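Spelled out from the first residue to the last, the chains are:
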Amino acid sequence: MEYTYEFLSTDNIVGYLASRPETSSIIDTNSIVEIKEVGDGNLNLVFILKDNLGKGIVLKQAIPYVRLVGPSWPMSPDRARIEYETTVIHSQAAAHLVPEIYFYDTERFIIAMEDLSDHKVWRTALNNGDINYGSAESVGEYIAKVTFATSIFGAGAEAHKKGIARAINPEICLITEDLVFTEPYFPGDRNSYLPSNEADAQAIINDEQMVLEMGHLKFSFMTASEALIHGDLHTGSVMVKSDAAGAEISTRAFDSEFSFYGPIAFDIGAVFANFYIALARSIALGRTEHIAFLETLPNAMWTSFEFHFRSLWPTRQDKRVFNDSLLDDLMVSWKEGAFGFAAAKLVRRIVGLAKTSDIETLEPDLREGAARGVLRSAQMLVRERHNHLSVDAMTAKVKEIMQEARTGKGA
Ligand code: SR1
Ligand code: MG
């Protein structure tokens, strides 16, 4: 399909916003003093505008191709509708944990939303060594509340089925199916890593158990329509605002364009993986205090997820066979699944397309060991995930592997 809509630019954006009455109380388009393009993701244009009173707005526009690669990789801008609808649906379950949406432009694929520029992207904050108490718990709360609300337990059978039909997102899901679950295990053009990590990448390709586990996980990703998940819940999809002592002021999950009805464990595993990638960075840099903080995050997030999901359980729609023992079993299987999905996410960020600044901004002598530690942790996670270890026990294993793999000065 050929798309002919106009892209936003610094030249046309004020005129565009002035033509939208929905935001006249949010920002004064007659006194715009700042326009910044801040899109640091892989897909879209993102602008922040501020007026002379400091009031701001974010305009995010989906372009009809993958920004990271260019027009040679076309991609339907309908993903903006998915993000808009998911953010609205998620806000019904957890309004304080997502950005407020002002409008969605169906013709130009533009979402207007709350300016969160007094927050930091969590990946950037963690890269800098920031401490953000309470945000991992809020991410766990977000996952629990939005997945419960959109599951058969919260929504009921009919609404759940209608939701699946509305949120079907095959083109975007294919990105994850290819980049996360498949390509790192086969030599290909889109894979890349340091020459010094060649043996580590080959070890992954030759790890038959790992490849089999990826088969199981990919099957689950493609078939388990449990709830309306975020679909790309990494630390670059979370904004945090903390006070000077690191106490939480606000935490928001955003950028849910990869959303679809998928396995709940996928979102949990994505967050685990990104905490582990942040840990690899801090271990490489020898940041002792930050390591001590980061290693608490996976369990803090999981514990909060479990607490909030269990708190909602008594409100489930059909209690006949969905009893408390089922919930106990689901928690076990979601934890096991989350460690597996975390492994998949870890490998793709080291070997596959679209990497993370946590690792990529390390000097090569440090990056080599950090990347090795991430890959070896993934191999451990897919094996140990069936052994019913606690989240803290698994994190301790990850930390030990990363410390052993460390390279560069001081290793
Ligand atoms: C081509 S898109 C690459 C990656 O960017 C997104 O953030 C997702 O993680 C996707 O896999
Ligand atoms: Mg994204």
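All values derive from a computational prediction rather than experimental measurement.

Before going further, it helps to examine the packing of helix α4 (residues 135-150) against helix α12 (residues 297-312). It is the contact of α4 with α12, at a shortest axis distance of 7 Å, that shows an interaxial angle of 35 degrees. Where α4 crosses over α12, the handedness of that crossing is right-handed. Judged by residue contacts, A136, E137, V139, G140, E141, I143, A144, K145, T147 and F148 of α4 engage L297, A300, M301, S304, F305, H308, F309 and L312 from α12. Considered class by class, the residues forming the contact of α4 with α12 number 11 nonpolar, four polar and three charged.

Quick look at empty space enclosed by the protein now. Under the definition given, this model contains one cavity of 30 Å³ or more. Here the largest cavity is characterised by a volume of approximately 40 Å³. Taken together, A280, I283, A284, G369, A370, G373, M402, R406 and T407 make up the full set of residues lining the largest cavity. Put simply, the parts of the chain that give the lining of the largest cavity at least two residues each are α10 (264-285) and α15 (364-384). Residue composition of the lining of the largest cavity, grouped by class: five nonpolar, three polar and one charged.

What follows is about the packing of aromatic side chains. Throughout the structure, instances matching the rule amount to 23 aromatic pairs. Ring geometry for Y84 versus Y104: centroids 5.1 Å apart, planes at 15 degrees, classification stacked. Of this pair, Y84 sits in helix α2 (residues 79-94) while Y104 sits in strand β6 (residues 101-105), placing them 20 residues apart in sequence. Ring geometry for F153 against W313: centres 4.8 Å apart, planes inclined by 70 degrees, an arrangement best described as edge-to-face. One end of the pair, F153, is in helix α5 (residues 152-155); the other, W313, is in the loop between α12 and α13 (324-351), and 160 residues separate them in sequence.

Here we take up the side chain of H308. Among the structural elements, H308 can be located in helix α12. Residue H308 is classed as buried on the basis of its relative accessible area, which comes to 17%. Sequence-distant contacts of H308, that is, excluding residues within four places in its chain, are made with E141, A144 and K145.

Here the phi dihedral of F109 falls at roughly 55 degrees; this positive angle occurs in a residue that is not glycine. With respect to the element layout, F109 can be found in the loop between β6 and β7 (110-114). Residue F109 is classed as buried on the basis of its relative accessible area of 12%. One non-glycine residue, A354, lies in the positive phi region at around 70 degrees.

Criteria and cut-off values
- Every chain is numbered on its own, with residues counted from 1 as its sequence reads.
- Chains and ligands are labelled sequentially in the order written, the chains with letters from A and the ligands with numbers from 1.
- Per-residue local features are limited, in this predicted model, to residues with pLDDT of at least 70; the limit for side-chain atom pairs, both in listing and counting, is 80 or more; totals at the level of whole chains, interfaces and linings are taken over all residues.
- Calculated side-chain values reflect all of the structure's heavy atoms, with hydrogen atoms and water omitted.
- Axis lines are fitted through C-alpha atoms, for helices just across the contact stretch, and the angle between N-to-C directions can take any value from 0 to 180 degrees.
- Only DSSP runs of H or I reaching four residues or more are called helices, and only runs of E reaching two or more are called strands; each is numbered from the N terminus.
- Should the near helix be turned anticlockwise from the far one by less than a right angle, the crossing is left-handed, and should it be turned clockwise, the crossing is right-handed.
- Residue contacts are counted whenever heavy atoms from the two residues lie within 4.5 Å of one another.
- When residues are sorted by character, Ala, Val, Leu, Ile, Met, Phe, Trp, Tyr, Cys and Pro go into the nonpolar class, Asp, Glu, Lys and Arg into the charged class, and all the rest, Gly among them, into the polar class.
- We place a 1 Å grid over just the protein atoms. Points where a 1.4 Å probe fits but has no way out form a cavity, open points with protein on both sides within 12 Å along at least 5 of 7 lines form a pocket, and any residue with an atom within 4 Å of a point lines it.
- Grid points are joined across faces, edges and corners, and a volume is the space filled by probe spheres set on the points.
- When two rings of Phe, Tyr or Trp (its six-membered ring) have centres within 6.5 Å they constitute a pair, described as stacked for plane angles under 30 degrees, edge-to-face for angles over 60, and tilted for the intermediate range.
- Throughout this description, buried means an accessible area under 20% of the type-specific maximum (1.4 Å probe, protein chains only), exposed means over 50%, and partly exposed covers the range between.

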